[in-house]
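Report on the structure
Each chain, written out:
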Amino acid sequence: MAAILSGLFYSSDVYLSLSSVQSTDKVAVVPQLRQFHASAACCKVQSGRYKISPKRDKALTYEMANPPHFIAHRKSWNSWDTTSLLEGQRAAETSVEDVFIRRFVSGTWHDQLCSEIIIKRQHNLIRIAGIIKQGLAARKMYFLIGYTEELLSNWLQCPVKLELQTVENKEATVFKYI
Amino acid sequence: MSAIVNLRVFRNFQQFVSIRPISNYPTSFRKNEEIQKVDGDDEFRSLDLSPNKSLNMRSYGRKVYKRAAVHPPRSNKMPTDQDWPSVWPVARSFHPASVPLPLHQGWVVPGATPPGKFANAELMKIPNFLHLTPPAIERQCQALKKFCTEWPKELNTNEKIENHFPITITTSDYLHSSPSLRDARARIVTLQLKLSSLKLDSHAKDKLLRLVKERYNPETDVLTIVSERCPLRKQNLDYAMYLLNVLISESWKTEPWENEKCEADMEKYVWEGSQSQRTVEQLLQRMPDREKAMPEVIEQYARNVTRFHNEGEDAEKISDYKESVKKLLGLQA
Amino acid sequence: MSCPNLNSLIVQHLFKNGRFHSVWKSGRPVVTNRHSFSSEAKEIVIPKYIPRGPTDILEALASTVKRDPTGPHYKFHDDPYLIPASSHAKRTYALAQEAGRKAASWIKQEHADLFNQRNAEPFIEAFSPVEKLTETTPMTEDLLKKYIRTSQVANAIHVYGKLDSSEISSATKQSFLEFISFYNEEDQLSEELIEERWFRSGVKGMRDQVKSTWKSNGLAERIFSGLDTITPEAYHALICGMVKHGQAVGAWEHYNQMLADGFQPDLMTYNSILKISGIIREDGEYIITLINDILTSMAHAGIKPDVRSLNAALQSISRMPITRVAREKASRLMSDFKSIGVQPSLGTYTSLLKIFCRDKGPRSNILIDIVRRIEIEMPPIQDVEDVTFFSEAMKNCNYHLDDVQLAKRLHSLLSSSQNQVFIGDSYKESVYYRSFLLLLSRAEGPEAFMEMYRHLVPHIYTPEQNVFENVIKSISSSSAIQYVPELWSDARYFELSERDSVLEALLEALTCGSGPDPTIVVDKNDVDPVLATARAIMSHVNQVIKTAEEKDRTISLRWTGSMLGNLMKVFLQYGDLDSADEVMMKVNQLKNQLSSYFPLATLNIFVEKCIERQNSATALMAIDYAAEMGYENVTTMAQRISEQLKLDEKQQQKLSSILSNAPTPSETS
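Residues numbered from 1 in each chain as written. Chains lettered and ligands numbered in written order. Predicted model: local features only at pLDDT ≥ 70, side-chain atom pairs only at ≥ 80, totals over all residues.

1. Quick notes on the overall build of chain B
Applicable threshold: Helix and strand labels come from DSSP, where a helix needs a run of H or I of at least four residues and a strand needs a run of E of at least two; each type is numbered from the N terminus. Burial is judged by counting the other C-beta atoms within 10 Å of a residue's own C-beta: 20 or more makes it buried, 12 or fewer makes it exposed, and any count in between marks it as partly exposed, with every C-beta position built from the backbone. Placing C-beta atoms from the backbone, we regard two residues as in contact once those atoms come within 7 Å.
The secondary structure content of chain B amounts to 11 helices and four strands. A buried classification covers 14% of the 333 residues belonging to chain B. When contacts within chain B are restricted to residue pairs at least 6 apart in sequence, long-range pairs at least 24 apart make up 53% of them.

Structural data, given as structure tokens:
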């Protein structure tokens, strides 16, 4: 990181000298150059962490209650595949596909999911697991299951299977309130 | 207590009787309201262009589904002697209602009970082996047995296998979780062979070793040929076989120029016919008195010189060499 | 990985000094060794590779899995909320899922340009959108051939229309004629839509296949008449197509035309004609003559009939009105075909059952022989009719033979994993299980029956209303009251709990017990399951009626006098007097709305209990009801009440007013 920063600094130095040349020329347009701002590094990490609410009533699932550095200690991964193994293939494509699956499923099952979407891949089979609430009539759920499976498998060209667990309401998955 | 309750109910009941019209087709309360509303209007009835929300069915908000009776978890109904491999035949995500085990998973502060199996995403994440219980594996093995052939009885020891089938071909298959089943590494073919099984003579062996160089491991006597230059495994296999074929037939040939091999070309020091032997012989001719008593001394000298050349120089060998030279020359001290 | 074959092949080539040599003995590579291990210089016989198909391993693994009675069919999601119990739910869920699939494939077709990535390697054709026929698509014969191969009927017809028919080769023309005759110029329901086929065929199977759907003077007939040289193959295609789609008369005409033209029909054409011989000839004797004629001409032409010929002939015979002749002919046919070595299939047995076991005919034990035979060896599936056997046989067990042991044998035949294909479709499946369950409920004791019931219901089969009523009645007639609560909860899940006849039967069954069982209820807080069931039924019915009133819907469920009477009886039996009072209030509230009378005996017991408890209010209600209905002993009841209960003034007045209004026994009689 430090090496990259110093490199940037040098290059901006060159620009600085250039700009000074132009400004002496009394030309009206002085190019606005992005200056390198150097300050102490902000080491704050925020992703996957939740703030305590004033009334202490923010509901967290088990997944949310454990920040990312507890992965593999207190909670496990949401995507299971072989891309991270030695010489695993299609790492980038797989992550993009996972993002697509997550967005597609959470959009298709709008307001129904009570957990993260778990994507497990075995060979070319993709198994999508999750907890949903019993907010829709069962036949509508079946429609969505058929729709999701078929569309995703056509898109990803792999057989896709949905493995859902239903709970009565969202509160069933709450682990704690902060 | 019961008397009071009964009386209360009774009063209600009487009131109820007084308002309810006796009819087989009860009209709803709401309908009455509706009628009253229309009647209660003044003589001008307004033409309502916008849909009247209070009369519209949609005004009651989002339809609330009458939830069908949800079954209790089916694990409740499972008999204890059920056939588990039929209940859970293939790999799938954990489902609490189908697994009759009181499971918990999750980290909690020490002393508290971890989250139970219902609505527990952690249990759904981890790969389970509920489909591979020992009875299931046993049953599947039994079912697959009909595709297996028996191992030949004659090949009951490793030596016999090596003797009858000296060539070992190693290839790897790679399984990925991806839509593609291709992997470039699957083409690589490794051929291994014990050199002793070829029964080469010393010339052929020498030539072969010169040809294969580092592909031969002198410690295990194994020759390894790795072929990966062709795109397909089959081609690589053929190529490896071709290489082996060519190597062996080349080794057995003796080219005319091979007779030009001199001492410097030797792969190791050989006493017989060496310069050192000749020098010792000349020396002994000049020392006729010692000539007869010497065969074992010369032999020892030869051994030490050979070791010195072949195994490298160290203090012990130098002192051995010194001793044998002293003996040879008959020096005292 | 050791590679023995390769080894032995090249070994001879490699090892110059002749240490090894390989010989081929009886097709197996045999390596002999002469020098080392000379003491045991045996031949090494490497066993041959056992050939297997691409799915054989999967099938072997699948054979280790049995049907799990606690779980739903695998097409449903294994989650309590998503497991269907009623047959309506099963149908809806399966079709809803397929509708979702259809929606997704529609999107794939509409936005075909978005689905053109090729991730999979090797590429899977089924995941890419079907190429659409556009204006610019070049119309070639190859395209036509491709559509015929992939059975896209509408597209093929379109391409054929665009092509110059004189340029099409005769072979393609013939295959196109066969193609549209087979499909009757219509696209079939896609093979992918398993559920739709499963449920639709049931509806279709109820009608007889006589109905003609053949397109008269359609494209097939036009192509046929437009052929330059009419070949026998063209006749075959047309006749088979006509028979398949119910155009018997047309097929018969073409058949005669064909014979007149001097062409020789092939086996399939003969089979088709055999199939329709029961339709084109009305009378029994003529049918037999026609069948005989066809079979003799087959013999003359040297065509050996197969099992389908047998099935077709028997099918025609089963249409014959006279049983005796039909039986004789069927037996003759069976022995004749046996003598030429044609093994019957299950479809054959179906026809035999139809012939030998007529509704009003004498009892025939032919099914016993059939079951014995297929227990020894199950014939493979060979004919469309084969799938009708099991439902037909089970029906026969139930209505004709009334033999529960035979039914069980039949069921164990069907239960073996590879025989599941013979069940046919949803309609035949429900016929099969309906007959089976009805028979079991009649013939078995309650314990044995419930064991089987729990195995089949609800995941394999959901009983229809009348079957369920029969089940309840059989349980109640054997006084096995301990199973009634279970049946009640099943009724809830099967969506049968709003049918009044089911509720009547359930309440009737609840009263068959002998009162509380002290062994079940040990704890004070525990409620006897029977009592709990009675309470649940009562609150359920009240709830249903209430919501129906609120939502202004008319439903058929009403309280009846006998339902309330049975409830009251149970409550009195189990000493739950509060609930009994509630029932009385319901009775008094509804009075003449009740469609049947509240039983007098129960009313009497109730009044006795009221007197015991000194509960004058409810006692008055009972009197009120009895007076209004004009029961005979109102006066005696009223007297007892006024004597034995302390009544306040209002109640006294009421009692006297009731009595004065009530008709005296002499008036009513």
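2. A short note on the overall build of chain A
Along its length, chain A carries four helices and six strands. Sequence-ordered secondary structure for chain A, helices as α and strands as β, is α-β-α-β-α-β-β-α-β-β. Here chain A holds 178 residues, and the buried ones make up 33% of them. Taking as baseline every contact in chain A between residues at least 6 positions apart, the subset at least 24 positions apart corresponds to 54%.

3. A few points about the environment of C:Asp228
By the element assignment, C:Asp228 lies in the loop between helix H8 (219-226) and helix H9 (232-244). Sequence separation between C:Asp228 and C:Ser657 is 429 residues; the distance between their C-alpha atoms is 101 Å.

4. Digging into the sheet that holds strand S3 (residues 118-122) of chain A
The pairing of strands in a sheet comes from backbone hydrogen bonds and takes either a parallel or an antiparallel form. Residues and elements named next belong to chain A. Formally: The pairing criterion for strands is at least two bridges between them, as found by DSSP. Angles shown run from 0 to 180 degrees and are taken between the N-to-C directions of axes, each axis being a line fitted to C-alpha atoms and, for helices, limited to the stretch in contact.
If you walk across this open sheet you meet the four strands as S2-S3-S4-S5, and the pairing is mixed. The sheet is open, and its two edges are formed by strand S2 (79-80) and strand S5 (160-167), each paired on a single side. When S3 meets strand S4 (residues 125-133), the two strands line up antiparallel, connected through five bridges. Across the sheet, residue Lys 120 finds its bridge partner in S4, namely Arg 127. Those strands touched by helix H4 (residues 138-156) are S4 and S5, and its axis lies near 150 degrees from that of S5.

5. Considerations on the pairing of strand S4 (residues 222-227) of chain B
Residue and element names in this part refer to chain B. In terms of strand pairing, strand S2 (residues 189-194) meets S4 through six bridges, oriented antiparallel. If you follow Val 189 over to S4, its bridge partner there is Ser 227. One ladder, built from two bridges, connects strand S3 (residues 216-217) with S4; its direction is antiparallel. Bridging from a neighbouring strand, Tyr 216 pairs with Leu 223 of S4. In this structure, the hairpin formed by S3 and S4 is closed by a connection of four residues, where Asp 221 is found at a positive phi of approximately 65 degrees.

6. A closer look at the environment of C:His158
All names here are of chain C. Take His 158: it is sitting in helix H5 (residues 153-162). In this structure His 158 comes out as partly exposed when scored by C-beta crowding, with 17 C-beta atoms within 10 Å. Residues His 158 and Met 139, 19 residues apart in the sequence, show an inter-C-alpha distance of 9.5 Å.

7. Some remarks on the domain arrangement of chain B
Size of an interface, as often reported, equals the accessible area lost when the parts are brought together. Formally: Domain delimitation follows an automatic or database domain assignment.
According to the domain assignment, chain B contains domain 1 (82-148), domain 2 (158-173 + 185-256) and domain 3 (270-329). Measuring from the centre of the C-alpha atoms in domain 2 of chain B to the corresponding centre in domain 3 of chain B gives 39 Å.

8. Brief notes about unusual backbone geometry
As a rule of thumb, non-glycine residues mostly have phi less than zero, and peptide bonds are mostly trans rather than cis. All names here are of chain C. With an omega of 5 degrees, the peptide bond running from Glu 121 to Pro 122 counts as cis. Tracing the sequence through the fold places Pro 122 in the loop between helix H3 (87-110) and helix H4 (141-149). Following Val 457, the chain continues to Pro 458 via a peptide bond in cis, the omega torsion being 0 degrees. Here Pro 458 lies in the loop between helix H20 (446-456) and helix H21 (465-477). Located in the positive-phi region is Asp 402, a residue other than glycine, with phi close to 55 degrees. Among the structural elements, Asp 402 can be located in the loop between helix H17 (389-401) and helix H18 (404-415). Residue classification places Asp 402 among the partly exposed positions, given that 14 C-beta atoms sit within 10 Å.

9. Observations regarding the packing of helix H28 (residues 616-629) of chain C against helix H29 (residues 634-644) of chain C
Residue and element names in this part refer to chain C. Quick note on the threshold: Just so you know how the angles are binned, under 35 degrees is roughly parallel, over 145 roughly antiparallel, 65 to 115 roughly perpendicular, and the rest oblique. Put simply, a crossing is left-handed when the front helix is turned counterclockwise from the back one by less than a right angle, and right-handed when it is turned clockwise. Under the scheme applied, nonpolar residues are Ala, Val, Leu, Ile, Met, Phe, Trp, Tyr, Cys and Pro; charged residues are Asp, Glu, Lys and Arg; polar residues are all the others, including Gly.
Across the interface, H28 lies against H29 with an axial gap of 10 Å and an inter-helix angle of 165 degrees. Between H28 and H29, the interaxial angle falls into the category roughly antiparallel. Here the hand of the crossing between H28 and H29 comes out left-handed. Every residue of H29 that contacts H28 at Ala 619, Ile 623, Ala 626 and Ala 627 is listed here: Val 634, Met 637, Ala 638 and Ile 641. Class assignment of the residues belonging to the contact of H28 with H29 gives a composition of eight nonpolar, no polar and no charged.

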